[in-house]
Amino acid sequence: MNVKIDKEGTIVILTGAGISRESGLDTFRCKDGIWSKVNLEDVATPEAFIRNPKMVQDFYNARRSQLMEDKPAPNSGHLALAKLEENWPGRVLIVTQNIDNLHEAAGSKNIIHMHGELLKVRCNHCGSLRHWEANLHVETECPDCAETGGLRPHVVWFGEVPLQMEEIYEALEDADLFMSIGTSGHVYPAAGFVQAVTQLGGCHTVELNLDPSEGATLFAETIYGPASEVVPAYVDQLLES
C-alpha cells in the first residue's frame with residue numbers, strides 16, 4: 001500500500017465474480033464462463049422472462065441449487081473483508097455485483113447487492129420481496145398475493161437499473177479509499193465507479209484482481225494475484241498502518 005488512509009475514513013469496496021470464483025462459483029465473463037455457454041438474451045432480460053419464463057426460471061433454479069446444495073464457503077478474500085469491517089474505525093461498505101451470499105456468510109454486514117440476490121424473489125404483481133431457497137416455477141403462487149406467473153428472481157437483468165444507486169454514489173462521494181476486487185471492468189455503472197471517485201478527488205483507488213481489468217489504468221494502485229491471497233494481505237496492511 002502506497003498511501004496512508006485516515007483511520008476514521010470511509011472505505012468503499014466493489015466486488016465482482018472474481019472473489020467468488022475461488023469458492024467454486026461460476027463466473028459469467030471469463031473464457032469458460034456462463035455467458036460462453038448460455039445466451040444472456042435468453043435468460044437475463046425482462047423480455048426473456050416474458051417470452052420464455054420457464055427457461056429463465058430453470059436457469060436461476062440451477063444457480064440457486066448450486067448455493068443450496070454445494071454450499072460453497074467464503075474464501076479468505078471474503079473473510080478478510082469481514083475482518084476489515086469489524087476492525088476499521090471508520091465506515092466500510094461493500095458494493096457487490098455478485099448475487100451470491102458469500103459476503104454475508106463471511107460475516108460482512110454493510111453490503112449493497114447492486115445486482116440483486118439469488119436467494120430472494122420478488123413478485124411482479126404485488127411487489128413483495130421474500131427470502132427464497134427452493135426452486136421457482138411459472139405456476140408458483142406468490143405467498144403474499146396468491147397470484148401465479150409473477151414471481152421472479154430478485155436479480156437485476158440487462159436493461160434494468162441496478163439497485164440502491166443513489167446510496168452507492170453518496171458513499172463514493174465520501175470515500176477515502178476505493179477498492180475494486182475481482183471485477184472485469186466491463187459492466188456499467190460499476191465499471192465507472194473508479195472514474196467517479198477520481199474526478200471527485202481526495203480518494204485513493206486500488207485494483208486487486210487476478211488480471212488487469214478494462215479500466216486498470218484509472219487506478220492509482222494495482223495489485224494482481226488470486227483474491228484469496230492479495231485481499232488478506234492488503235487488508236492486513238490497512239489495519240496495521
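Check the entry above for the structure.
Residues numbered from 1 in each chain as written. Predicted model: local features only at pLDDT ≥ 70, side-chain atom pairs only at ≥ 80, totals over all residues. Heavy atoms only, no water.

Visitor: Quick question: what am I supposed to make of helix α5 (residues 76–87) here?
Guide: An α-helix turns once per 3.6 residues; consequently, residues spaced three or four apart project the same way. For α5, with twelve residues, the first-to-last C-alpha span of 16 Å sits near the 16 Å given by 1.5 Å per residue. Taken as a whole, α5 has its buried residues at Gly77, His78, Ala80, Leu81, Ala82 and Leu84. The secondary structure elements touched by the buried residues of α5 are β1 (10–15), α1 (17–21), β2 (92–96), α6 (102–106), β7 (175–181) and α9 (227–240). Sitting at the head of α5, asparagine 75 places a side-chain oxygen 2.8 Å from the backbone nitrogen of glycine 77. (Helix = DSSP H or I, 4+ residues; strand = E, 2+ residues; numbered from the N terminus. Expected span 1.5 Å × (residues − 1). Buried < 20%, exposed > 50% of the residue type's maximum accessible area, 1.4 Å probe, protein only. Contact = heavy atoms within 4.5 Å. Polar contact = N/O pair within 3.5 Å; in protein donor to acceptor, adjacent residues only side chain to side chain.)

Visitor: How should I be thinking about the pairing of β7 in this particular structure?
Guide: Every other side chain in a regular strand lies on the same face of the sheet, so the side chains alternate between the two faces. Burial runs high along β7: six of the seven residues are buried. Of the pairings in the sheet, the one linking β1 to β7 comprises six bridges and is parallel in character. If you follow threonine 10 over to β7, its bridge partner there is alanine 175. The pairing of β7 with strand β8 (residues 204–209) spans five bridges and is classified as parallel. Its bridge partner lying in β8, serine 180 is registered against glutamate 207. (Pairing = 2+ DSSP bridges.)

Visitor: Explain unusual backbone geometry to me, please; I cannot follow it from the model alone.
Guide: Trans is the prevailing form of peptide bonds, just as negative phi is the prevailing case for residues other than glycine. A cis amide bond, omega 15°, links tyrosine 188 with the succeeding residue proline 189. Tracing the sequence through the fold places proline 189 in the loop between β7 and α8 (193–200). The backbone phi angle of lysine 71 is positive, close to 45°, even though this residue is not glycine. One can find lysine 71 in the loop between α4 (53–70) and α5. The phi dihedral of glutamine 164 falls on the positive side, at around 55°, and the residue is not glycine. Here glutamine 164 lies in the loop between β6 (151–155) and α7 (165–174).

Visitor: Can you help me understand the sheet that holds strand β9 (residues 221–224) in this one?
Guide: Where strands meet in a sheet, backbone hydrogen bonds hold them as pairs that are either parallel or antiparallel. Pairing in this open sheet of six strands is parallel, and the strands run β3-β2-β1-β7-β8-β9 from one edge to the other. Only two strands of the sheet have a single partner each, and these edge strands are β3 (111–113) and β9. Taken pair by pair, the neighbouring strands of this sheet meet at an average axis angle of 15°, ignoring direction. Of the strand pairs in this sheet, β2 and β3 are connected by three bridges, and their pairing is parallel. For threonine 96, the partnering residue across the bridge sits in β3 and is histidine 113. Contacts from α5 reach β1, β2 and β7, with the element oriented near 165° to β1. Lying over the sheet, α9 contacts β1, β7, β8 and β9, oriented at roughly 165° with respect to β7. (Axes fitted to C-alpha atoms, helices over the stretch in contact; angles between N-to-C directions.)

Visitor: How should the environment of serine 108 be read in this particular structure?
Guide: Relative to the elements of secondary structure, serine 108 occurs in the loop between α6 and β3. Ignoring anything within four residues of it in the chain, the contact list for serine 108 reads Leu81, Ala82, Glu85, Ile94 and His103.

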